[in-house]
Amino acid sequence: MSLKGAAAVVGVAELAPQRYTGDATILDLLSGVAVEAMADAGFYRSQVDGLIVHPIGGLPGFVPATVAEHLGLQPTFAEIVDLGGATGAGMIWRAAAAIQAGMCTTCLCLTGTRRRKRTPRGNNTNADTSRRPRSFSPSRDRSPQAEFDAPYGMLGANVGYAMIANRYAHEYGLKDTQRAKVAVDQRKNANANPAAIFHDQTLTIDQVLSSEVICEPLHMLEIVMPAAGAAALLVTAADRVADAKQPPAWILGAGESVTHSSFAQAPGLDATGIGIAARSAFSQAGVRPSDIGLASLYDCYTVMVLLTLEEAGFCARGEAGAFVEAHDLTFGGDFPLNTHGGQLSFGQPGMAGGMSHVTEAVRQIQGRCGARQIPGLELAYAHGNGGIIAEQTGLVFGAAR
Amino acid sequence: MSARLIPPSSELTQPYWRAARADELAVQFCQHCDQHSFPPRAHCPQCGSAELEWRTVSGRGSVYTFTIAYRPPHPVFSEHCPMVIAVIELEEGPRMISNIVGCDPATVEIGMAVQVAFEEIEDSKVTLPVFTPVKTS
Ligand SMILES: [Zn+2]
């Protein structure tokens, strides 16, 4: 049994990433994109009977019910997904699965975050350390990572992805310029996407490599920038697709993998969950990586794109560096990658950052990407990645069922 | 003595921290499937057995991977930077996060042999296992 052709994405809405939000609450940000996604598809609120959300800071629990009430929905399927950067992609196949199982017919998938002005980008060296907690509150965080990783400075994601970059370079060889090429080509894509946070700024390999080294070997401009924003996608059953105003982006295959939580317990770089999720997605869809016309790959860091390219099978193991050098990764190139700019240039509005790879794949399949549209696109692959390569979700979208 | 985040321990993990206090590195060993494991658990992650005992290990290992953090990952680490944060693979098998201290960060390499050392966390009664390069001469 597979999800192939059971459901399609028919409505999309995005609140473009911004550095900071105003006074709107997270519930109002989410309801804004929810209403817009329903309107985009031409669906009425009464036709929406499924809801998927993610954990929301400040809401201790009961998140689906809180969001549903705020939206005026009474879903027959309500779910929370907690897979870090894979959350958005994880929502989409769960929506299709719930539809296939008869639990709902049309499901809203919501992601987003607010962000108020506080600390500058990166880690704040000048912060007043005396006011920061030195230990974790036992009632709040008794995780093994709080106990065995955090005391060593293993916090946030920069450290872990820098470790991945170094291990990858040790095993296969990787040049700084190869990582930088990913950021530069993606920036060219962002220059054609008015919603991207770095839409108006160009980027060169020299600029990437002369930016500050945050965690060796990763430079500031290889690291995603946190932003505020939101995204909503509407997934509906195959027999409802004809009701939609927009063309469908069919969900043809999905795969998922969770391999660890602490990076110390991660499998080797030749056996990641990235490959497990991708192989499952391609197998369900009955297609190969070489059939894909758009790779929309999670890019919290440049190195993550390289690792995903080879683990998902777009190039041979150890050859991702040479692959990105040999290909034009822009929307007009021979291997279009992250045509919205990727999160590196689009911005990372919390879980809506991961969802942006899905949104772009859907819009490209629907043929709605304007200046950056890939002509005649038939198949797209979207990949979500959470934690330090801990949670993976892969999705294959098609223009035809 | 150095400033760090203080690990929140539990009854189950106390033997680890007591061993560290005595300058020893201890991890769990499963009497059922004969494997060492880390971090501490009530049940063996390989076979599910609850017959886990604490064993002092050699403290020898190698660098699986690492990075040099130039900016402190948390303000408490300001005085440590640039600091080497690493995944250490113990001779007995388990991998753990640690720091490599007592050397120039630029000399650290993947695969390098390291040996456990112990560092007391400032304002605490906690000793933290860290690693130093094994002297080859
Ligand atoms: Zn066992």
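Keep in mind that this is a model prediction, so the values were computed, not measured.

Student: Break down the overall build of chain A for me, citing the residues and quoting the values.
Tutor: Helix and strand content of chain A: 12 helices and 11 strands. Relative to its length of 401 residues, chain A is compact, with a C-alpha radius of gyration of 20 Å against a globular reference of 21 Å. With respect to the three principal axes, the spread of C-alpha positions in chain A is 50 × 50 × 40 Å. For chain A, buried positions account for 60% of its 401 residues. Summing over all exposed atoms, chain A offers an accessible surface of approximately 14,500 Å²; the carbon and sulfur share of this is 50%. A distance of 5 Å separates the average location of the 30 positive side-chain charges in chain A from that of its 36 negative side-chain charges.

Student: Tell me what's going on with the packing of helix H1 (residues 26-41) of chain A against helix H2 (residues 63-71) of chain A, and back it up with residues and numbers.
Tutor: Residue and element names in this part refer to chain A. For the pair H1 and H2, the least separation of the axes is 10 Å and the interaxial angle reads 60°. Judged on the interaxial angle alone, H2 and H1 are oblique. Note that H1 runs across H2; the crossing there is right-handed. Between H1 and H2, the contacting residues are Leu-27, Asp-28, Leu-30, Ser-31 and Ala-34 on the first element and Thr-66, Val-67, His-70 and Leu-71 on the second. Tallied by class, residues from the contact of H1 with H2 come to five nonpolar, three polar and one charged.

Student: Quick one: what's the story with unusual backbone geometry, residue by residue and with numbers?
Tutor: Look at the link from Glu-216 of chain A to Pro-217 of chain A: it is a cis peptide, with omega at 10°. Note on placement: Pro-217 of chain A falls in the loop between strand E5 (213-215) and strand E6 (218-219). Following Cys-81 of chain B, the chain continues to Pro-82 of chain B via a peptide bond in cis, the omega torsion being 0°. Take Pro-82 of chain B: it is sitting in the loop between strand E4 (60-69) and strand E5 (83-90). The backbone of Phe-62 of chain A sits at a positive phi, close to 55°, despite the residue not being glycine. Within the element layout of this structure, Phe-62 of chain A appears in the loop between strand E2 (50-53) and H2.

Student: Got a sec to walk through helix H1 (residues 14-21) of chain B? Specific residues and values, please.
Tutor: Turn by turn, an α-helix covers 3.6 residues, leaving residues three or four places apart pointing in a common direction. Buried residues of H1 of chain B: Tyr-16, Trp-17, Ala-19 and Ala-20 of chain B, and no others. One side of H1 of chain B holds all its buried residues, which, seen down the axis, span an arc of 155°. Buried residues in H1 of chain B make contact with helix H4 (144-148) of chain A together with strand E1 (26-30), strand E3 (52-56), strand E6 (95-100), strand E7 (113-120) and strand E8 (127-133) of chain B. Looking one or two places after H1 of chain B, you find Asp-23 of chain B, whose phi comes out positive at around 55°.

Student: Account for the interface of chain A and chain B, naming residues and giving values.
Tutor: Each partner contributes residues to the interface: chain A has 45 residues there, and chain B has 45 residues. In this assembly, chain A and chain B are joined by one salt bridge. A salt bridge links Arg-71 of chain B to Glu-212 of chain A, with the nearest nitrogen and oxygen atoms 2.8 Å apart. The tally of links from chain A across to chain B stands at 16 residue pairs in polar contact (both at pLDDT 80 or more). For the side of chain A that touches chain B, the elements supplying multiple residues, two or more each, are H4, helix H5 (158-172) and E5 of chain A. If one sorts the elements of the side of chain A that touches chain B by residue count, H5 of chain A sits on top with seven residues.

Rules and cut-offs
- Residues numbered from 1 in each chain as written.
- Chains lettered and ligands numbered in written order.
- Predicted model: local features only at pLDDT ≥ 70, side-chain atom pairs only at ≥ 80, totals over all residues.
- Heavy atoms only, no water.
- Helix = DSSP H or I, 4+ residues; strand = E, 2+ residues; numbered from the N terminus.
- Rg over C-alpha atoms; globule rule 2.2 N^0.38 Å.
- Buried < 20%, exposed > 50% of the residue type's maximum accessible area, 1.4 Å probe, protein only.
- Areas by Shrake-Rupley, 256 points an atom, 1.4 Å probe, with all protein chains shown as cover.
- Lys, Arg positive; Asp, Glu negative; His and termini not counted.
- Charge placed at Lys NZ, Arg CZ, Asp CG, Glu CD.
- Axes fitted to C-alpha atoms, helices over the stretch in contact; angles between N-to-C directions.
- Parallel < 35°, antiparallel > 145°, perpendicular 65-115°, else oblique.
- Left-handed = near helix turned anticlockwise from the far one by under 90°.
- Contact = heavy atoms within 4.5 Å.
- Nonpolar A, V, L, I, M, F, W, Y, C, P; charged D, E, K, R; others polar.
- Arc of directions from axis to C-beta.
- Salt bridge = Lys/Arg side-chain N within 4 Å of Asp/Glu carboxyl O.
- Polar contact = N/O pair within 3.5 Å; in protein donor to acceptor, adjacent residues only side chain to side chain.

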